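Results of the structural survey
Listed below, chain by chain, are the residues.
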2 protein chains.
Amino acid sequence: MQLDERKYRILQAIIDDYIMTAMPVGSRTISRKAGFSFSPATIRNEMSDLEELGYLDQPHTSAGRVPSNKAYRLYVDHLMKAAKLSPDERERIHDHLIDKSKRVEGVIRSAADVLSDTTKYTSVIVAPKLGTLRIKHVQLVPVADRTALMIIVTSAGIVKDAVIRVPEGLDADDLYSISRMLTQKLADKPLEAVRQAFSEMLRNAEQSRRLLGETLSVIEKKLETGGDASDVVIGGSSNLLEYPEYSDVNKARNFLAVLESKDTLRQLVSRDGGMEITIRIGPENGRPELNDCSIVTASYRVGDHSNGTLGIIGPTRMNYNRVISVLDFMGRALSDVLSEYR
Amino acid sequence: MQLDERKYRILQAIIDDYIMTAMPVGSRTISRKAGFSFSPATIRNEMSDLEELGYLDQPHTSAGRVPSNKAYRLYVDHLMKAAKLSPDERERIHDHLIDKSKRVEGVIRSAADVLSDTTKYTSVIVAPKLGTLRIKHVQLVPVADRTALMIIVTSAGIVKDAVIRVPEGLDADDLYSISRMLTQKLADKPLEAVRQAFSEMLRNAEQSRRLLGETLSVIEKKLETGGDASDVVIGGSSNLLEYPEYSDVNKARNFLAVLESKDTLRQLVSRDGGMEITIRIGPENGRPELNDCSIVTASYRVGDHSNGTLGIIGPTRMNYNRVISVLDFMGRALSDVLSEYR
DNA sequence: TGTTAGCACTCAACATCAACGAGTGCTAAC
DNA sequence: GTTAGCACTCGTTGATGTTGAGTGCTAACA
């Protein structure tokens, strides 16, 4: 059995309806829709075929049909027609993003909020991986005896810091000049060159070996690892509770528990390849506790090399159309705004 | 009618039972308890009195009684006997807090997690107000043409930053020396003295008036305002859903919405006075959407002057006893750990 | 005077049952 | 190939009865 034109149209109508109402769709509902001149009986035959093909599920015999994950997959791959955002909405989004006084973290925070506001789903934004960035500035600040705060400013304007121990007897001025030296040696170099520069320094400066060693290891750690919790920003965590599929408190709790683990979350929205938009429907996202969630992600660039991810988590019955348009637009907007910081 | 010894004991037993079970408590349940040699009928008479006095509510005629907010108030003020944490628990909490490589923000993050883990409620920690801190270091870092990142390190090791515009023609070295000058002038002074130092500088340095003006206003803003979202840290936001009083999705959503607004949250847990522990039961917290929540807060110190708040939000039927012990201990532990950074 | 047994009463919770209706699958006619 | 007709399924809704935990009151008891 093959999917002909009419089956496509019926399937599409069912998905559209189900996305709106969250109620199983019956044959009468479809036949009444504009553009269908067939009787419910005919629709029923087609629906029966679609069920056999795995595109529809029936919760029970006397209920209407519900789209399967396979149907959503087909929908996002072939049936969906791209929706454009209205100029109003575009403007609204832009307005929320371009506050010059906000730092990168602030922009990302706002972006997450706007994203969840406009889609009514839960949004997640992951900051760009530091490994792909360049160091702009390194600064050691004394905070206590033999303790200093190391601050790293990257080309994207992202600030990272860590506490390090310093040898006894170094005062603020010493740290000042060490910072200056470090900045000069390390600025605008990729991580590989940074490591190189360090081994050079280690050869020449016997006495400050410990300090340099620790500094390098901190820089490596900060720049190489996946990042810490602050790199993952969530917006609208309570939005999912608006949808009937999460009116069960247990499901809701499960979902919120996932949101609390930033590591899981980062993993979930991290992208496969260079595709514009990635859509994971239901079990495709790989986590059983999010079986009935879909995750849609897009990416944004900061400068030329490094990019972060922004995504939406919602029920599989998601308004993919709208979500994709919003994500697509937001991805570009974010890239624009953040690249100005360079 | 007065509360005699027996009424106290019965009320206490009812509260204890209700905190455990969340079910209305009947007279039989109480009379069976160890230490009560009275028949259910006697208990019933007493309960009837307690109800008349406003300490008990009856959901409906044929149900047991539940403690009123007034009863909880009496409980926490007079009936409760302080529980001590086991050495095991103390150790566990301490272990989670003292990771030397974590900065203040990191410690607070861990503290929130430990707090919600040990109490099974939702925890909120507010970082100390910056206004009470001293500046340790100021650093301007070039990020783009005519734009610099200003980084302020305070005595508590808290880092704040903001983007500021700088006059054309200032290169990294210029910013370097300005930073150095600023740090020298401002370090270890309270805000009032900082303002003084600035007006002095403004008089002497005509040409850099704009830069200094902007710098001061940023410092003032960062140090004086209530703080931004990053100063409020939440742990275990999904914990409240474990409790039957929040099995209604609408209530749950309301609660989560409050958690999303950091401003509201900061206001909620901010302390009245210098009391060790503050307890707000039900409507006492002033927000109608949290009418059936209690908020218990304690404070912690960073150094001598500035202090932050840590708190627990849970159902009014809260294990006050345990929550108070944990908060009390955590407050001290946090103060200890954070004061080492000075 | 305080305590207790006894008893009628209340009311949420639960189970049972019938009616309803949205929706299906099948068949026969168009 | 399409459709009207019809029997059938099954979740939903509402009415009804039963159960049991718990109460309030009264009268008897120590």
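Keep in mind the model is a prediction, meaning the values are calculated, not measured.

Analysis parameters
Residues numbered from 1 in each chain as written. Chains lettered and ligands numbered in written order. Predicted model: local features only at pLDDT ≥ 70, side-chain atom pairs only at ≥ 80, totals over all residues. Heavy atoms only, no water. Axes fitted to C-alpha atoms, helices over the stretch in contact; angles between N-to-C directions. Helix = DSSP H or I, 4+ residues; strand = E, 2+ residues; numbered from the N terminus. Parallel < 35°, antiparallel > 145°, perpendicular 65-115°, else oblique. Contact = heavy atoms within 4.5 Å. Nonpolar A, V, L, I, M, F, W, Y, C, P; charged D, E, K, R; others polar. Near = heavy atom within 4 Å. Polar contact = N/O pair within 3.5 Å; in protein donor to acceptor, adjacent residues only side chain to side chain. Domains from an automatic or database assignment. Buried area = accessible area lost by both parts, 1.4 Å probe. Salt bridge = Lys/Arg side-chain N within 4 Å of Asp/Glu carboxyl O. Pairing = 2+ DSSP bridges. Least-squares fit on C-alpha atoms with pLDDT ≥ 70 in both. Buried < 20%, exposed > 50% of the residue type's maximum accessible area, 1.4 Å probe, protein only.

Here we take up the packing of helix α1 (residues 5–21) of chain A against helix α4 (residues 69–79) of chain A. All names here are of chain A. Interaxial distance between α1 and α4 falls to 11 Å at its minimum, and their mutual angle equals 110°. Classified by the angle their axes make, α1 and α4 are roughly perpendicular. Taking contact as the criterion, the partners of Tyr8, Leu11, Gln12, Ile15, Asp16, Tyr18 and Ile19 in α1 are, on α4, Ala71, Tyr72, Leu74, Tyr75 and Leu79. The class makeup of the residues in the contact of α1 with α4 is ten nonpolar, one polar and one charged.

What follows is about the protein's contact with DNA strand C. Looking at DNA strand C, there are 21 residues lining it, with A:Ser27, A:Arg65, B:Thr42, B:Thr61 and B:Ser62 nearest. Of all DNA strand C atoms lying within 4 Å of any protein atom, the proportion belonging to sugar or phosphate reaches 73%. Between DNA strand C and A:Arg65, the relevant distance is 2.8 Å, taken from a phosphate oxygen to a side-chain nitrogen or oxygen of the residue. Interatomic distance of 2.8 Å between a side-chain N/O atom of B:Arg6 and a phosphate oxygen of DNA strand C. Residue contributions to the surface near DNA strand C peak at four residues, all from helix α3 (residues 40–52) of chain B. Of the residues that constitute the surface near DNA strand C, the class distribution is four nonpolar, 13 polar and four charged.

This next bit is on unusual backbone geometry. The bulk of non-glycine residues show a negative phi, and the bulk of peptide bonds are trans. Residues and elements named next belong to chain A. You will see that Ala22, though not glycine, has its phi angle at about 65°, which is positive. Residue position: Ala22 is located in the loop between α1 and α2 (27–32). Unlike most non-glycine residues, Lys120 shows phi in positive territory, near 65°.

Residues and elements named next belong to chain A. For chain A, the domain assignment lists domain 1 (5–79), domain 2 (87–128 + 228–339) and domain 3 (131–225). The straight-line distance from the C-alpha centre of domain 2 to that of domain 3 is 33 Å. Listed by partner, the interface residues are ten residues for domain 2 and nine residues for domain 3. Here domain 2 and domain 3 share an interface that buries about 710 Å² over both sides, 52% of which is from carbon and sulfur atoms. Contact with domain 3 buries area across many residues of domain 2, yet Val104, His305 and Ser306 alone supply 40% of it, more than any other trio. Applying the counting rule to domain 2 against domain 3 returns one salt bridge. For Asp231, the salt bridge identified is with Lys160, shortest N-O distance 3.2 Å. Our count for the domain 2 to domain 3 interface comes out at one residue pair in polar contact (both at pLDDT 80 or more). Taken together, the residues that form the side of domain 2 that touches domain 3 break down as three nonpolar, three polar and four charged.

Looking now at the sheet that holds strand β6 (residues 159–165) of chain A. The strands making up a sheet associate through hydrogen bonds between their backbones, and the pairing can be parallel or antiparallel. Residues and elements named next belong to chain A. Taking strand neighbours across the sheet as the criterion, the three strands line up as β4-β5-β6 in an open arrangement whose pairing is antiparallel. At either margin of the open sheet sits one strand with a lone partner, and together these are β4 (135–144) and β6. Taking each pair of neighbouring strands and ignoring which way they run, the sheet shows an average axis angle of 20°. Relative to β6, strand β5 (residues 147–154) is paired through seven bridges, and the arrangement is antiparallel. Along β6, the bridge assignment pairs Ala148 with Ile164. In the packing of helix α7 (residues 172–186) onto the sheet, the strands contacted are β4 and β5, and the crossing angle to β4 comes to about 165°.

Glancing now at the relation of the copies chain B and chain A. It takes a turn of 180° to lay chain B on chain A, together with a shift of 0.0 Å along the axis; the resulting RMSD is 0.0 Å. In the structure described here, the two chain copies are related by an operation that fits a two-fold rotation axis. Among all residues of chain B, the one whose C-alpha sits closest to the rotation axis is B:Val249, at a distance of 3.2 Å. Here 100% of the contact residues of chain B are again contact residues in chain A; the copies associate through an equivalent surface.

This paragraph deals with the interface of chain B and chain A. Tallying the contact residues gives 37 residues for chain B and 38 residues for chain A. Across the interface of chain B and chain A, roughly 3400 Å² is buried in total on both sides, 62% from carbon and sulfur atoms. Across the chain B-chain A interface, the total number found is two salt bridges. For B:Arg253, the salt bridge identified is with A:Glu242, shortest N-O distance 3.4 Å. At the boundary of chain B with chain A, the tally comes to nine residue pairs in polar contact (both at pLDDT 80 or more). Elements with a minimum of two residues in the side of chain B that touches chain A: β4 (135–144), β5 (147–154), β6 (159–165), α7 (172–186) and α10 (249–260) of chain B.

Glancing now at the environment of A:Arg301. Residues and elements named next belong to chain A. Mapped onto the elements of the fold, Arg301 is located in strand β9 (residues 293–302). Taking relative accessible area as the criterion, Arg301 reaches 42% and is therefore assigned partly exposed. For the pair Arg301 and Leu241, spaced 60 residues apart in sequence, the C-alpha separation works out to 31 Å.

Glancing now at helix α11 (residues 262–269) of chain A. Within α11(A) the residues assigned to the buried category are A:Thr264, A:Leu265, A:Arg266, A:Leu268 and A:Val269. Contacts from the buried residues of α11(A) go to β3 (122–126), β7 (232–235), α10 (249–260), β8 (277–280), β9 and β10 (306–315) of chain A.

For the rest of this paragraph, the subject is the pattern of salt bridges. A full pass over the atoms with the stated rule returns 36 salt bridges over all chains. Across the salt bridge formed by A:Asp49 and A:Lys7, the nearest N and O atoms sit 3.4 Å from each other. On the criterion of sequence distance, the pair formed by A:Asp49 in helix α3 (residues 40–52) and A:Lys7 in helix α1 is long-range, its members being 42 residues apart. In this structure A:Lys7 comes out as buried when scored by relative accessible area, which is 5%. A salt bridge links B:Lys251 to B:Asp292, with the shortest nitrogen-to-oxygen separation between them at 3.2 Å. Here B:Asp292 lies in the loop between β8 (277–280) and β9 (293–302) and B:Lys251 lies in helix α10, a separation of 41 residues in the sequence.

The local shell around DNA strand D holds 21 residues, among which A:Thr42, A:Thr61, A:Ser62, B:Ser27 and B:Arg65 are the closest. With respect to DNA strand D, the side chain of A:Arg6 contributes an N or O atom lying 2.9 Å from a phosphate oxygen. Contact distances for DNA strand D include 3.0 Å between a sugar or linking oxygen and a side-chain N or O atom of A:Ser62. Those elements giving two or more residues to the surface near DNA strand D turn out to be α3 of chain A together with α3 of chain B. Residue contributions to the surface near DNA strand D peak at four residues, all from α3(A). Looking at the surface near DNA strand D residue by residue, the class counts come to four nonpolar, 13 polar and four charged.

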